[in-house]
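Remarks on the overall topology
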Amino acid sequence: MSTVNVDPAEIEKFSALASRWWDPTSEFKPLHEINPLRLDWISQTAGGLQNKKIIDVGCGGGILTESMAAKGADVTGIDLAEKSLKIARLHSLESGVKVKYEHISAESMAAEHIEAFDVVTCMEMLEHVPDPASIIRACSQMVKSGGWVFFSTLNRNPKSFLYAIVGAEYLLNLVPKGTHHYETFIKPSELARSARQSGLVMHELKGLEYHPLTKHYTLSQNSSVNYLMATQKPKAKSEPHD
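Residues numbered from 1 in each chain as written. Predicted model: local features only at pLDDT ≥ 70, side-chain atom pairs only at ≥ 80, totals over all residues. Heavy atoms only, no water.

Section: the overall build of the protein chain
- Looking only at helices and strands, the protein chain has eight helices and eight strands in total.
- Taking 18 Å as the expected radius of gyration for a compact globule of 242 residues, we find that the protein chain reaches 17 Å, a close match to that expectation.
- Considered along the principal axes of its C-alpha atoms, the protein chain spans approximately 55 × 40 × 40 Å.
- A buried classification covers 50% of the 242 residues belonging to the protein chain.
- Considering only contacts in the protein chain between residues 6 or more positions apart, those separated by 24 or more positions represent 69%.
- Positive and negative side-chain charges of the protein chain, numbering 25 and 28 respectively, have mean locations separated by a distance of 3 Å. (Helix = DSSP H or I, 4+ residues; strand = E, 2+ residues; numbered from the N terminus. Rg over C-alpha atoms; globule rule 2.2 N^0.38 Å. Buried < 20%, exposed > 50% of the residue type's maximum accessible area, 1.4 Å probe, protein only. Contact = heavy atoms within 4.5 Å. Lys, Arg positive; Asp, Glu negative; His and termini not counted. Charge placed at Lys NZ, Arg CZ, Asp CG, Glu CD.)

Some thoughts on the environment of Ala133
- Checked against the element boundaries, Ala133 lands in helix 6 (residues 132-142).
- Residues Ala133 and Arg193, spaced 60 residues apart in sequence, show a C-alpha to C-alpha distance of 9.6 Å.

Focus: empty space enclosed by the protein
- Following the criterion strictly, the structure yields one cavity of 30 Å³ or more and no others.
- Counted as a void, the largest cavity has a volume near 40 Å³.
- Here the element with the most residues in the lining of the largest cavity is helix 2 (residues 29-45); it accounts for three residues. (1 Å grid on protein atoms, 1.4 Å probe; cavity = no way out; pocket = protein on both sides within 12 Å on 5 of 7 lines; lining within 4 Å. Points joined across faces, edges and corners; volume = space filled by probe spheres on them.)

Quick look at the side chain of Ser223
- Relative to the helices and strands, Ser223 resides in the loop between strand 7 (216-220) and strand 8 (226-232).
- Each residue touching Ser223, except ones within four places of it in the same chain, is listed here: Asn155, Pro188, Leu205 and Gly207.

Encoded structure:
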């Protein structure tokens, strides 16, 4: 049996913060602030989320997961941090937004659900696992032919080190110190290559920028630090195209 693709230290780090997932003033404030941006982008790119079957890989406390379900999607969230999942389930009960949460790895889920989802999201997760390529393969296996897979992560260059670690963690205190490790950052070219090797085609690359003066986030064409990537599994030749 293969080793689960997880860093125990990363799971422990997010488990320790689990109770604060849904506090918009907590360490997860940036996730709350960027969520409307990424939700709208995912929805527009995928042609709406109503009645779509979606899986959110590395869902954490369910911020994106629940917001997609609120748009009318049938959403499953998976994570290996049990404490975070407990918070996600509790919030779902409180909000009345129905989401299915499972404590399972992406690879195990993929083995059980081949081409089962219209949309797969994997946001702010790849930089926290030992083998991101394995997660990308699992995402590709789970999405239907013609379906969408969305990723977000951090670029690896001197600017991203300065902005995402020195700036965000030590100067602006946007996220807790030690949240990120520079060596685990992933260049867009590397992510695109892994996606391509897994049978996905890159559709769009968007940058996510934080403006310290206005304290607002925007999507842009600047992918030098944080970025989001939309990929699609091509339809089989025998399938009709839209």
